[in-house]
Amino acid sequence: MGIAEDLIIIILVGLAAGLAANRLKIPPIVGYILAGVIMGPHTGGVTISQIPQIELLAEIGVALLLFSIGLDFSFKELKSVKGIALIGTPIQVLLLIGAGYGIGKYLGLPFSESIVLGMVISLSSTMVVLKTLMSRGLIGTLSSRVMIGVLIVQDLAAIPLMLIIPNIQSLESNIVPLLLILLKALLILVAIIFVGMRIIPWLLKLVVKLYSRELFLVTITAIGLGVGYLTHMFGLSLAFGAFIAGMVISESDYSHQALNDIIPLRDIFGLVFFTSIGMLVNPAFIAENTGLVFALVAVIVISKIVIFSSLSVIFKYFNIIPLALGFGLAQVGEFSFVLARTGLKHEIIGADFYSLVLSVSIITMIISPFLSMLTSPLYSLKKKYFRHEDFQTINVSSAGLSGHIVIAGGGRVGRQIASIFRELGYPFIIVEQDFRRFEKSKSAGYPVIYGDSSQETVLHAAQLSRARLLIVTIPFLSTARDIIDIASRHNPGIKIIARTDALSSVNELFRLNIFEVVQPEFEASLEIVRKTLTAFDLPLTEIYSLTDAIRQQTYTNILTEKLDSSLLSMIKKTPFLLEMHWKEVKAHSPLAGKSIRESEIRRKTGISVVGILRDGKLLPNPEPDYVILENDYIAVIGRPEDEELFEKMLM
């Protein structure tokens, strides 16, 4: 069957290896590469016969990978972290290229291979980092936004690196040809964007009007590969043009659908690409050079941790972020495979060097999730031995605070709570460790302390010992536990309300003897239930009683996930329960000018009068001799059918 048989084998073996990798909690691409090793010519097992043809298909995989990254490329993602992303990342890339070059020269590698080594280790894995962040529930945190911003710029930096590698030897003698290549790439980039921004959105709009998802998929694939082929004709790479095409489409109204449709096709060809990488790995080389491989892994990981952590501090990201950035981005990325393959294709690097680079890259990707898990315990250790962190107090009265509310965390939730307390006139103070959120609270005029709320010195500055209430808006259990522990020791009588993003953490927080726990998703579901039940004209008092009972029982039985059905059966009885309503006594009403006793309201209707509002003043539980006047508002309690009789009496 030739190449068709090879493709079937690749997909089957790749599937098995991908499933195994997923089971071991490592990225599927590692499984695909190992599948390629199994099917390669160096292992003696199931061997692919048409390796050159498979490598040609792999080129399409690279192009589609860059096309999808271009589709997902967004400067909006960089806006909140633009400093470290747009300035810090190029510095990091250059530093690691220099470090790689130094390592290469130490190992006795030639100039070209030393530079390629630096380029390879300068990039981190977008796929591995995103999967690790998602598995740990850290997407949306400041640490994750910084990492994603850095990764976006790294992906962008991979494009010129791909163009430099085929011409890398000119760096030793004459840099002019390389500069001409980069100038040509820039001119083509500008031309494609200028023309593409006018033609591609028009073409996509035309296809969308046909209401054919099949044609839409074919169109975006044709655009990505077609533009790639155009750049290939001008002496540049297929992947470069595909990336530009993706960037152009990302600015249109159809980018999300285009990305959604192209991902399955990209993943299939990506499987072919990563298995083709593995086919070139020689296990015998790794066995013979185990010491070198693991020594290089150690040097690369330590170098990346030091550089990324230092950049975080330089760009004023403190607390846990330097550790998160250093350990989270310490791996070598999937684009490194593209760079190494480009170098091998143009005979810039040798087969042994290629095997070394791939071996090191795969090992760093495998250990990356485990390195990332070290962030929290290392930060806890840092706080234990280095507690004297600077803090700054803003907008706090010189007379101090007493009986106030301490809000631990000045993010969106914390600032919203603060705005309500300010309207109500309740004294409060925010504690925030992220300087951007600190600046927002400061600009809003809120009393705020800059510092880590899990440190005693910072909470002491917030005068926690004299506070009435502590609200912990930080959703991470380990941090919340530290804050609650400090509060319980310094103010045993304080009431504590804590937020958690994990329903499984509710019981853990309640065991700390706090006043209340809030889990946003669960509370949102209860609010939807409340609003739904009001559509059935059920008494509000009973709706709130029911949902409060559900909340208490759910939080109590969170580990068993059981809910007493008798609570839900109450809903059928609620129409027969009592509820208070306000009724207006209009002009010429039969009740106007009569006392409650004379009107015989209770005898005739079954309704009880529990309050009267007159001229803005409330009289609760009026006496039977109290005279009702026009424009009074009467608060009454009774069953729905009694209320109907009272309405008739009012008229």
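Being a predicted model, the structure only gives us computed values, none of them experimental. (Residues numbered from 1 in each chain as written. Predicted model: local features only at pLDDT ≥ 70, side-chain atom pairs only at ≥ 80, totals over all residues. Heavy atoms only, no water.)

Asker: Lay out the overall build of the protein with the relevant residues and their values.
Answerer: Summing up its helical and strand segments, the protein has 30 helices and eleven strands in all. Among the 651 residues that make up the protein, the fraction classed as buried is 48%. Relative to all contacts within the protein whose residues are 6 or more apart in sequence, the contacts with residues 24 or more apart total 72%. Accessible surface for the protein amounts to roughly 32,100 Å². Of this, 63% is attributable to carbon and sulfur atoms. (Helix = DSSP H or I, 4+ residues; strand = E, 2+ residues; numbered from the N terminus. Buried < 20%, exposed > 50% of the residue type's maximum accessible area, 1.4 Å probe, protein only. Contact = heavy atoms within 4.5 Å. Areas by Shrake-Rupley, 256 points an atom, 1.4 Å probe, with all protein chains shown as cover.)

Asker: Explain the nonpolar core to me, and be specific about the residues and the numbers.
Answerer: Leu66, Met119, Leu204, Ile249, Phe273, Phe337 and Leu339 are the most contacted members of the largest nonpolar core, which has 97 residues in total. Top element by residues in this core is helix H18 (residues 351–372). It accounts for ten residues. For Ile249, the contacting residues outside a window of four places in its chain are Phe67, Leu71, Ile200, Leu204, Ile223, Ser255 and Ala258. Judged by nonpolar contacts, the second largest core, of 26 residues, contains Ala408, Ile449, Leu509 and Val517. (Core = buried A, V, L, I, M, F, W, Y, C linked by side-chain atoms within 4.5 Å.)

Asker: So what's going on with a nonpolar patch on the surface? Residues and values would help.
Answerer: Together, Val176, Leu180, Leu183, Leu186, Leu187 and Val190 make up a nonpolar patch on the protein surface, roughly 560 Å² of accessible area in all. With respect to the helices and strands, Leu180 occurs in helix H10 (residues 176–208). (Patch = residues over 30% accessible without salt bridge, like charges linked within 9 Å, V, L, I, M, F, W, Y side chains within 5 Å. Salt bridge = Lys/Arg side-chain N within 4 Å of Asp/Glu carboxyl O.)

Asker: Outline the packing of aromatic side chains, listing residues and values.
Answerer: Between two aromatic rings, the relevant description is the distance of the centres plus the angle of the planes. Counted according to the given criterion, the structure contains five aromatic pairs. Look at Phe428 and Tyr446: their rings are 5.8 Å apart centre to centre, the planes differ by 65°, and that puts the pair in the edge-to-face class. Of this pair, Phe428 sits in strand S3 (residues 428–432) while Tyr446 sits in the loop between helix H21 (435–443) and strand S4 (448–450), placing them 18 residues apart in sequence. Using a relative accessible area of 7% as the deciding quantity, one classes Tyr446 as buried. Counting every residue linked through ring pairs, the aromatic cluster contains Phe421, Tyr426, Phe428 and Tyr446. (Phe/Tyr/Trp six-rings, centres within 6.5 Å; stacked < 30°, edge-to-face > 60°.)

Asker: Tell me about the pairing of S3, and please be specific about residues and values.
Answerer: Counting buried positions along S3 gives five out of five residues, so the element sits mostly inside the fold. Side chains Phe428, Ile430 and Glu432 project from S3 onto one buried face, and the interleaved Ile429 and Val431 project onto a second face that is buried too. Pairing of strand S2 (residues 405–408) with S3 involves four bridges; the strand directions are parallel. When the sheet's bridge partners are listed, Val406 is paired in S3 with Ile429. Assessed by its sense of winding, the connection that carries the chain from S2 through helix H20 (residues 412–424) to S3 is right-handed. Bridge count for S3 against S4 is three bridges, and the pairing is parallel. Within S4, the residue paired with Val431 across the bridge is Ile449. (Pairing = 2+ DSSP bridges. Right-handed = clockwise from strand over helix to strand, strands pointing away.)

Asker: Got a sec to walk through unusual backbone geometry? Specific residues and values, please.
Answerer: Positive phi values are uncommon outside glycine, yet Asn621 reaches one of about 45°. One can find Asn621 in the loop between strand S10 (617–620) and strand S11 (633–638). With phi around 70°, Asn631 is a residue other than glycine that occupies positive phi space. Residue position: Asn631 is located in the loop between S10 and S11. Classification of Asn631 by relative accessible area gives exposed; the value is 54%.

Asker: Please give an account of helix H5 (residues 82–106) that cites residues and values.
Answerer: Its 25 residues give H5 an end-to-end C-alpha distance of 35 Å, which sits within 8% of 36 Å, the value for a rise of 1.5 Å per residue. When the local axis directions of H5 are compared, the greatest deviation, roughly 40°, occurs at Gly88, which is followed within four positions by the proline Pro90. When H5 is considered as a whole, its buried residues turn out to be Ile84, Ala85, Gly88, Thr89, Gln92, Val93, Leu96, Ile97, Gly100, Ile103 and Gly104. Of the residues trailing H5, Gly108 is marked for its positive phi of about 80°. (Expected span 1.5 Å × (residues − 1). Bend = angle between axes of the 7 residues up to and from the residue.)

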